[in-house]
Amino acid sequence: MKYDYLIVGSGLFGATFAYLAHKAGKSCLVIDQRKHTGGNVHCERIADINVHSYGAHIFHTSDEEVWQFVNSLVPFNRFTNCPLALYRGKLYNLPFNMNTFCQMWGVTTPAEALSKLSIQRAEAARELKAAGATEPRNLEEQAKLLVGGDVYERLIKGYTEKQWGRECKQLPAFIIKRLPVRFTFNNNYFNDAHQGIPKGGYNVLIDELLKGADVLLRTPLHELDCRKTKSGTWQFHRPAMLTCSADDTVEVGKIVYSGAIDEYFDYRLGKLEYRSIHLQTEVMDTPNYQGNAVVNYTDASVPFTRIIEHKHFEMFGDEVYRNPKTVVSREFSEEWQPGMEPYYPVNDERNNRLADKYRELAARQENVIFGGRLAEYRYYDMAPVIRRAMEAFKQQNV
Ligand code: FAD
């Protein structure tokens, strides 16, 4: 029994690779340790609503090829991400734009907003000078220099402190390099040419990508106990769940690995760290709880960072009221501990250096392709991870 590729992980990286390989006439076995496919874009159907199980996922890109590719598999809807921030009972539009400035200061023209912002930025610069510093020494000083005290206090401070579990004064300034402000009335969070949600949810996209591949769930790579053969290919005992052949052994040409890079090497150089979140999901007997998909809670006294109301990703206008129920998820940031779901890589010096060492090991592995957010220890949005899978597949065929 032979496959050209054993693909570890059915997230967007693995599933895209499987699709392209199948199209090129290659055979693929996809395994995933979770009980579902799709990795972090997986959705669960609750109360007739697609619930983003691992946090809000909004597809956005200016990469025409990737956009055409995903739309050739499933049409995308017209969802536009316009998040709101709630601070002490008052709503503000995000990203920071003329609507936000109007809500904050009552200004109505870009000139008035710029003037107000310039006064506050100058004040922050004066405070810094008075403290004897020439450069911002922490995130608080950096943010105030960029957007002034009011925006910082109401929309950045509490949210950031909840995200990192530390005071902004104790966080390094480099975390916030830029804080874009817009002097137009434009609440569209992304600047990309395209955005949306696959019609019917992300599972439809993943199912399309995996058509043509054999898929085994609840199967971590280490359970297969892959061995290298003399010719450089891989071999393992056929798992009982794989019923399409009666052969005892399975041979695969190459492994495509999208799991954690340190795990692949049995943590021999040490463990990489992540930041994590957890979601508390609730079904409510109301058709419309907050009127928007994403509302950030920027007040430090509220323990969660945001509430996602999932129906708004796929239902618009009066459609929202056709379903008498809604599903919301409160998102809490938390310190990651080994064994927890890894969400965001911590790209500080220690972790970057360690990841580089693992990458060196990975580069020396024969017939293993490493790719995706965990295998590269890089934060990737969805479109770039699809692009990475396209490139990884292309490299196989040059
Ligand atoms: P994953 O989706 O993590 O897939 C990896 C898969 O490999 C998993 O299913 C895992 O179970 C499996 N696996 C791992 N190790 C093993 C093993 N040893 N054996 C077997 N299986 C294994 N992107 C956007 O573009 N827009 C957004 O709005 C957005 N929001 C996000 C919100 C959050 C909270 C997070 C964390 C990410 C967000 N992203 C967003 C990024 C998006 O989730 C990623 O780009 C995408 O999921 C990466 O796909 P992947 O295949 O690399 O990884």
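If you're wondering where the values come from, they're calculated on a predicted model, not measured in any experiment.

Please explain the overall build of the protein as it appears in this structure.
For the protein, the helix and strand inventory stands at ten helices and 18 strands. For 398 residues, the compact-globule estimate of 2.2 N^0.38 gives 21 Å, and the protein sits close to it at 24 Å. For the protein, the spread of C-alpha atoms along the three principal axes comes to 75 × 55 × 35 Å. Expressed as a percentage of its 398 residues, the buried residues of the protein come to 38%. Expressed as a percentage of contacts within the protein between residues at least 6 apart in sequence, the contacts between residues at least 24 apart total 72%.

Would you take a moment to explain the site of the ligand for this structure?
Neighbouring residues of the ligand: 37 residues in total, closest Gly 9, Gly 11, Gly 39, Gly 259 and Gly 372. Elements with a minimum of two residues in the shell around the ligand: helix H1 (12-23) and helix H10 (382-396). Residues that form the shell around the ligand fall into these classes: 20 nonpolar, twelve polar and five charged.

Which parts of the structure should I look at to understand the sheet that holds strand E16 (residues 326-335)?
Within a sheet, each strand pairs with its neighbour through backbone hydrogen bonds, oriented either parallel or antiparallel. Spatially, the seven strands line up as an open sheet ordered E7-E6-E14-E15-E16-E13-E17, and their pairing is mixed. Looking at strand neighbours, the two that pair on one side only are strand E7 (90-93) and strand E17 (344-345), the edges of this open sheet. Of the pairings in the sheet, the one linking strand E6 (residues 84-87) to E7 comprises four bridges and is antiparallel in character. Across the sheet, the residue bridging to Tyr 87 is Lys 90, located in E7.

Looking at this model, I keep getting lost on unusual backbone geometry. Mind explaining?
One can expect most non-glycine residues to show negative phi and most peptide bonds to be in trans. Of note, the amide linkage connecting Leu 94 to Pro 95 takes the cis form, showing an omega dihedral of -15°. Its location among the elements puts Pro 95 in the loop between E7 and helix H3 (98-105). Positive phi, close to 50°, is recorded for Ala 47, a residue that is not glycine. Structurally, the position occupied by Ala 47 is in the loop between strand E3 (43-46) and strand E4 (49-52). Judged by the 15 C-beta atoms lying within 10 Å of it, Ala 47 falls in the partly exposed class.

Reading the values: rules and limits
- Residues numbered from 1 in each chain as written.
- Predicted model: local features only at pLDDT ≥ 70, side-chain atom pairs only at ≥ 80, totals over all residues.
- Helix = DSSP H or I, 4+ residues; strand = E, 2+ residues; numbered from the N terminus.
- Rg over C-alpha atoms; globule rule 2.2 N^0.38 Å.
- Buried ≥ 20, exposed ≤ 12 C-beta atoms within 10 Å, placed from the backbone.
- Contact = placed C-beta atoms within 7 Å.
- Near = placed C-beta within 6 Å.
- Nonpolar A, V, L, I, M, F, W, Y, C, P; charged D, E, K, R; others polar.
- Pairing = 2+ DSSP bridges.

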